[in-house]
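Read off the chains here:
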Amino acid sequence: MITATERADWMALQIFIAARANHDVITHDLVDAVMSRDADKEQGKANKEMVRRIIRKKAASERVRVIFTEDERYWAVREQLHAMTDAEVHALRDSIADGGDDDPRGWDKTLINAVSVRLSNRLAPARLYGCSPVSIRLWREPRRPAAEETAPATPDTAPLFAALAAYEVCGFGRTPRDLDDIARHLIALEKTAPTEHHMTIVEAHAAVEDAWDALRTAGNLRARNAAHDQARAAVEQARAAILAVAPHSHRMHGTDMPATADEIRTAALAYNTVDGTPEELSAIATGMVSVRVHCRSDSGTGWTATATITAGVDSPMGHIPAHPPIVLSAFHKRDGRDDAAENTRRMFGRLFRISVPVDYVLDRRP
């Protein structure tokens, strides 16, 4: 039995980890999503207020931004609106008005007040100049019509991204829980894979289940050693089954990036179907599809940069990736007068053969 403080510390750590994929921003939605995901664990029973206090205390050292209070959210929204053009803010206001009572943005008093102030003749406060607004959208977008919410699992898209997710978890396999994760991913892969691969996946799943049982019941050193050998063999069998379905699944290739909104939704659903929360899986059908390119300069000369590319779906929980990130490491900038994001856009933007927005985000962390 662990103490209440230990439970809260462990849960806060999980939320800090989740924040790395949420552009280093922690909101109530993120806390709720992570704690809901871990609700069946001992640590998941942590007191939510205690978790929030720990997050608040460690936020600076963890380099995350916490948006819990309405005042914090108001100023974060103001920052986002400040970075938008007048035309964009006017379009946002008109879109909210057109949405009527069914548009959740119309009921968001913080957003409405911030838009009203942004469009007034008042001078913007000094705190907004030179600010770096958070990358996640802080207001809920309206639901799309049902016809736009479907994400049909096309034969060409779903198996690859289910396989990418399955292959990632095969990097582990030392504990019964690791093997349980692999088994669940194999079940998901079987649902999307062509029929001719089903038996291979079923056999790999059975091997992983047997290894899970052996690890769980091993009672002495000899049995544990044998169980670990069995687990390693089962993981290798699982890898072989996954690669038979999608030979590229050992690494995400740029040529495998989904190119249309429907393909990205299908890929995101396949990639997150096992480990995604119910909120995330629901958001995949309704969120805005985009490609995020996180760019940063090196900490030395500043003449080299790294870009991390991920297609996915924007949601209240952050950007939900549709695949493992594609990393362009240490490329030489074309123009030292421009930041890493602009250099990346100019050098690689023409290579994107996709029909969704590409968002170049400058990462200023050292």
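Residues numbered from 1 in each chain as written. Predicted model: local features only at pLDDT ≥ 70, side-chain atom pairs only at ≥ 80, totals over all residues. Heavy atoms only, no water.

1. Section: the environment of T157
Relative to the helices and strands, T157 resides in the loop between helix 7 (146-149) and helix 8 (158-169). Judged by its relative accessible area of 6%, T157 is buried. Separated by 99 residues in the primary sequence, T157 and D256 have C-alpha atoms spaced 9.1 Å apart. If near-sequence neighbours (up to four positions away) are discounted, T157 is found in contact with E263, T266 and A267. (Helix = DSSP H or I, 4+ residues; strand = E, 2+ residues; numbered from the N terminus. Buried < 20%, exposed > 50% of the residue type's maximum accessible area, 1.4 Å probe, protein only. Contact = heavy atoms within 4.5 Å.)

2. Some remarks on the pattern of salt bridges
Once their charged atoms are close, side chains differing in charge can pair, the charge on each being opposite to the other. As enumerated under the stated definition, the model contains 21 salt bridges in all. One salt bridge in this structure joins D86 and R118, with 2.8 Å as the shortest N-O distance. Placement of D86 in helix 5 (residues 86-99) and of R118 in helix 6 (residues 109-118) is noted, with a sequence separation of 32 residues between them. Residue classification places D86 among the partly exposed positions, given a relative accessible area of 46%. Through salt bridges with shared partners, one network takes in D32, K48, E49 and R52. (Salt bridge = Lys/Arg side-chain N within 4 Å of Asp/Glu carboxyl O.)

3. A closer look at helix 6
For helix 6, the set of buried residues is T110, L111, A114, V115, V117 and R118. Seen from one end, helix 6 has its buried residues packed into an arc of 165 degrees, which puts them on one side. Here the buried face of helix 6 lies against helix 4 (70-82) and helix 5. (Arc of directions from axis to C-beta.)

4. Overview of the confidence of the model for the chain
Close inspection of predicted coordinates is inappropriate for parts of the model with low pLDDT. Per-residue confidence for the chain gives a mean pLDDT of 85; residues scoring 70 or more make up 93%. Predicted confidence in the chain is weakest over helix 7, with a mean pLDDT of 37, and strongest over helix 11 (residues 221-245), with 93. Within the model, the stretch residues 145-150 combines pLDDT values under 50 with 7 contacts to residues more than four positions away or in other chains. (pLDDT = per-residue confidence, 0-100.)

5. A closer look at unusual backbone geometry
Of note, D24 is a non-glycine position whose phi angle comes to about 60 degrees, a positive value. Mapped onto the elements of the fold, D24 is located in the loop between helix 1 (4-20) and strand 1 (25-27).

6. Observations concerning the side chain of H197
Positionally, H197 belongs in the loop between helix 9 (176-192) and helix 10 (198-217). H197 sits in the buried class, given a relative accessible area of 17%. Residue contacts for H197: discarding those within four places in its chain leaves A244 and V245.

7. Digging into helix 2 (residues 28-37)
Since the α-helix turns once every 3.6 residues, residues separated by three or four places project in the same direction. When we look at burial in helix 2, the residues that qualify are L30, V31, A33, V34 and M35. In this structure, the buried side of helix 2 is in contact with helix 1, strand 1 and helix 3 (48-62).

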